[in-house]
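# Remarks on the overall topology
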Amino acid sequence: MDFERAGAGALATVFEELASRRVASIAGLDRTSLDQLQALGVLVRDQAVLDEDVDLLSATTIREALTPASVDWLRELAVHPHIGSTNTALLGRLDTDGVAGRVVTAEVQTAGRGRRGRAWLSPFGRNLAVSIGVAIDRPSSELGALSLVVGLAVRDALLEYGLKDIDLKWPNDVLMYGAKLAGILIELAQPNRPAELVIGIGVNVGCRQAIADRVGQAVADVAEQVEHPSRNRLLAALVNHVVAACGRFAAEGFVPFRAPWDAAHHYHGRTVTLTLPGTGSPGDTVSGTVLGVAGNGALRIASAAGVREYIAGEVSLRAAGETAG
Ligand code: ATP
């Protein structure tokens with residue numbers, strides 16, 4: 001499905017009605033739009049309908065679940081019925097007094113993004129898409145490790161929310177039972193100290209069936225462990241943990257996160273294959289044993305070539321034998 005197009009025109013009205021009344025008329029929609037609603041899992045006979053179990057986003061409920069520290073930090077909480085990408089929207093706020101302290105979320109992202117231009121699928125009401133703007137006063141050489149810090153914070157939020165078997169995959173995927181539950185995309189909005197960054201997080205909450213066939217890797221979903229999951233409560237937990245972790249990272253750097261990160265890494269001590277598309281010859285790979293992460297967040301691998309460190313950026317990690325898509 002062309003998610004990019006789904007935010008346009010008549011569908012925007014459908015999304016807005018769904019977000020306010022859980023039901024919307026589909027009269028006058030063309031075939032393509034109807035197919036898009038079908039793919040989003042909201043088309044029921046002659047109207048668009050949202051299941052009762054979908055916890056619609058509510059700024060009030062989210063605010064109530066924030067810690068006092070997060071409330072102090074928060075400057076703006078924007079909840080949209082639909083959006084292209086929460087990260088893109090927040091990056092667009094840079095000119096209006098910076099991104100720090102702002103949170104953007106939406107019921108549906110029509111052009112959600114992953115790393116390296118990949119798509120992130122977020123069906124209506126069934127994926128938690130949130131972007132958090134932060135300012136971090138550290139040398140730019142250290143900012144690469146923020147990816148790992150945020151992965152750990154997301155994991156902590158999910159554990160606090162009551163989930164089990166949550167691991168990390170370097171640099172910043174969050175896995176449940178070894179399958180991808182959440183994705184993180186960090187974008188630099190402003191490089192001068194203090195740097196401003198937009199932290200985008202997508203978590204599957206009830207959409208596994210809708211997306212499993214369209215994602216080239218194993219997918220996990222909060223709803224596999226929690227009945228009637230509350231996206232509002234989960235979103236607040238994410239903000240609480242990410243804001244606290246960024247504060248600690250700004251004060252202490254990656255040092256206090258390094259050992260906990262290794263302990264949470266699904267592939268620690270295992271044999272993996274790294275795909276290095278940025279090294280000149282596309283498709284280069286290296287296989288070896290994961291020794292842990294370095295002080296800058298790079299992954300230390302022991303291979304036939306000796307011990308080397310790989311920085312995130314262009315590198316993809318897979319279990320040995322799997323290939324990065
Ligand atoms: P890397 O391992 O290099 O991070 P990745 O494939 O995990 O690679 P990301 O940018 O983290 O890349 O995420 C985008 C990828 O995630 C897509 O290419 C797709 O395979 C998968 N994906 C897209 N939407 C979802 C989703 N809702 N849940 C799980 N996986 C998804």
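Let me sum up the structure you'll find in this document. Going along each chain's sequence as written, the residues are numbered from 1 onward. Two thresholds apply to this predicted model, a pLDDT of at least 70 for residue-level local features and 80 or more for giving and counting side-chain atom pairs, whereas whole-chain, interface and lining totals are computed over all residues. To obtain the side-chain values, all non-hydrogen atoms of the structure were used and water was disregarded.

### Observations concerning the packing of aromatic side chains
Stated precisely, the cut-off is as follows: When two rings of Phe, Tyr or Trp (its six-membered ring) have centres within 6.5 Å they constitute a pair, described as stacked for plane angles under 30 degrees, edge-to-face for angles over 60, and tilted for the intermediate range. Only DSSP runs of H or I covering at least 4 residues are called helices, and only runs of E covering at least 2 are called strands; the numbering of each starts at the N terminus. A simple rule labels every residue: compare its accessible area, found with a 1.4 Å probe on the protein chains alone, to the largest value its type can have, and call it buried under 20%, exposed over 50%, or partly exposed in between.
Within this structure, the stated rule accounts for one aromatic pair. Aromatic pair F15 and F124: ring centres 5.6 Å apart, planes at 25°, arrangement stacked. Separated by 109 residues along the polypeptide, F15 in helix α2 (residues 9-21) and F124 in the loop between β5 (102-109) and β6 (127-136) bring together distant segments of the chain. The class of F124 is buried, set by a relative accessible area of 1%.

### What to know about helix α7 (residues 146-160)
Put simply, the test is: Here a helix's expected span is defined as the number of its residues, less one, multiplied by 1.5 Å.
An ideal rise of 1.5 Å per residue puts 21 Å on 15 residues; α7 measures up with 21 Å between its terminal C-alpha atoms. Of all 15 residues in α7, 12 are buried; the element is thus mostly enclosed. Considered for burial, the residues of α7 that qualify are L146, S147, L148, V149, V150, G151, L152, A153, V154, R155, A157 and L158. The positive-phi residue at the C-terminal boundary of α7 is G162, with phi of around 115°.

### Quick notes on the sheet that holds strand β2 (residues 43-44)
Note the following rule: In this description, strands pair whenever DSSP reports at least two bridges between them.
With respect to topology, three strands assemble into an open sheet ordered β1-β3-β2, the strand pairing being antiparallel. The sheet is open, and its two borders are formed by β1 (23-25) and β2, each paired with just one other strand. One ladder, built from three bridges, connects β1 with strand β3 (residues 47-49); its direction is antiparallel. Across the sheet, S25 pairs through a bridge with Q47, a residue of β3.

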